[in-house]
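# Examination of the molecular architecture
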Amino acid sequence: MTDSSVTSDRPVATGPGSKGSGSNGSGSKGATPPPDESPAKKSSPRVVAWISKYGVYVALVVLFLLNMAITDHFMTASNLRLQLIQTAPTLIVAMGMAMVIGTKGIDLSVGAVMALSAAVVPLYIGYGSAAAILIGLLFGVLCGLFAGFLVAVVGLQPIVATLSVMIGGRGLANVIAGSIKTINDPGVVALGTESLLGIPYSVLIGLMVVLIVAFLVRRTTFGLNVESIGANQLATKLAGVRIGAVLLTVYAINGLLSALSGIIVAARTQASDPKTVGLQMEMDAIAAVVIGGTSLNGGKVRILGTVAGALLMQLITATLVSHNAPDSMAQMVEAVVIIAAVFTQVGRRKS
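Here, residues in each chain are numbered from 1, in the same order as that chain's written sequence. Predicted model: local features are reported for residues with pLDDT of at least 70 only, side-chain atom pairs are reported and counted for 80 or more only, and whole-chain, interface and lining totals are derived from all residues. To get the side-chain values, take all heavy atoms of the structure and skip hydrogens and water.

### Let's talk about the side chain of Thr-71
Here is the rule we go by: For the purposes of this entry, the term helix denotes a DSSP run of H or I that reaches at least four residues, the term strand denotes a run of E that reaches at least two, and both are numbered from the N terminus. Classification of residues uses two cut-offs on accessible area relative to the type maximum, computed with a 1.4 Å probe and protein chains only: under 20% is buried, over 50% is exposed, and between them is partly exposed. Residues adjacent in sequence count toward polar contacts only when both atoms are side-chain atoms; beyond that, a polar contact is any pair of N or O atoms within 3.5 Å, and within protein one must be able to donate a hydrogen and the other to accept it. Whether two residues are in contact is decided by their heavy atoms: any pair within 4.5 Å suffices.
Following the sequence through the fold, Thr-71 ends up in the loop between helix H2 (39–70) and helix H3 (77–102). We classify Thr-71 as buried; its relative accessible area is 12%. Here the side chain of Thr-71 touches His-323 through a polar contact of 3.0 Å, side chain to side chain. If we ignore the near neighbours within four places in the chain, the residues touching Thr-71 are Leu-66, Ser-322 and His-323.

### Some points on helix H11 (residues 243–269)
As a reminder of what qualifies: Here a helix's expected span is defined as the number of its residues, less one, multiplied by 1.5 Å.
Helix length check: H11, at 27 residues, gives a terminal C-alpha distance of 39 Å against a target of 39 Å (1.5 Å per residue), a fit within 8%. Buried residues dominate H11, accounting for 20 of its 27 residues. Note on H11: the residue one or two positions beyond its end, Gln-270, has a positive phi of about 55°.

### A short note on a nonpolar patch on the surface
Just so we agree on the cut-off: Only residues whose relative accessible area exceeds 30% and that form no salt bridge enter a patch; like-charged residues are grouped when within 9 Å of one another, and nonpolar side chains (Val, Leu, Ile, Met, Phe, Trp, Tyr) when within 5 Å. For accessible areas, the Shrake-Rupley method is used with a probe of radius 1.4 Å. Any residue's cover is judged against the shown protein chains and nothing else. Whenever a carboxyl oxygen of Asp or Glu lies within 4 Å of a side-chain nitrogen of Lys or Arg, that contact is scored as a salt bridge.
A cluster of nonpolar side chains, namely Phe-146, Phe-149, Val-153, Val-154, Leu-156, Ile-159 and Val-160, defines an oily patch on the protein surface of about 610 Å² accessible area. For the nonpolar patch, the elements supplying multiple residues, two or more each, are helix H5 (129–154) and helix H6 (158–177). By secondary structure assignment, the location of Val-154 is in helix H5. Given the relative accessible area of 46%, Val-154 is considered partly exposed.

### Concerning the pattern of salt bridges
Inspection of every chain in the model, using the stated rule, returns one salt bridge. Measuring nitrogen to oxygen at the nearest pair gives 3.0 Å for the salt bridge that ties Arg-218 to Glu-227. Take Glu-227: its relative accessible area is 13%, and that puts it in the buried class.

### Some points on the confidence of the model for the protein chain
Heads up, the rule is: For every residue, the predictor assigns a confidence score, pLDDT, that lies between 0 and 100.
Of all residues in the protein chain, 85% have pLDDT values of 70 or greater, and the mean over the chain is 86. Taken element by element, the predicted model of the protein chain shows its lowest mean pLDDT in helix H1 (residues 4–7) (42) and its highest in H11 (97). Between residues 1–29, whose pLDDT stays under 50, and residues either more than four places distant or in other chains, the model counts 13 contacts.

Structure, rendered in structure tokens:
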């Protein structure tokens, strides 16, 4: 006799006690598939990712257009020049900070390094402008190397290592300078006040720094190693990369750029004040990097985004100041922007 169960169209039970898919146990359909995700849920990760990647550019354009409409004399050459001059120091520091954050680190000492380098320059002006500037830059490199040594060799957390350098560096700057020192040397002052073809030296230096860092990150093995360390340090080490050497180099570059920024600020004001030079610069630089889309979890350095982030931070401050808002208001708005940027990064990782 033929076994009809072999050729029957009836479904075979696939689980204990199953009697088909119907509610009364006599249905002929298989298990009900899970419902598809709603279009909103599918599009949400894409929206978050888009905002994280391009939101800074949209915000910059919107704020720029808003100022054109509501801020008097915003589009004048003198005002646009001023905005670029004020952005340059933050941009220079942010380029180094972006590389540090790309390795999944952070550097809180940049403001103190600025103050220390600015305090050193007046002491060596008697040896010539070039010598004074080079010595100031050397102090920055040494501070960066020390922070990198604490991170790469001693094994301290970056936030702890650079916090110690921040406190010690600011204190040393006060000891060296003692008080505000006037800078009258034409060669040094030119960095903050002179122009080439109508473009301020500080802006040109900032542009050169952006191009150099972009080349290092995008076109060299060193840049690949920087991002690889941030993405997966253990795998990078197993691949034969000298982690310690890369980290030392990154922190040294960051110290160099911080010193350069400090010297430019001192040259523009023609004075070196260890209590105010670089004050809160670490927060401004970190904000520019994060708003620009570089993740605090490392693994990627966004150069153009960091440039846009630095410009956006400066434009927010300038907008509020031009409309007589207090500095505290500017700081609160910047805090909200930073929180929003970090929130989009968290949302992107979860998706």
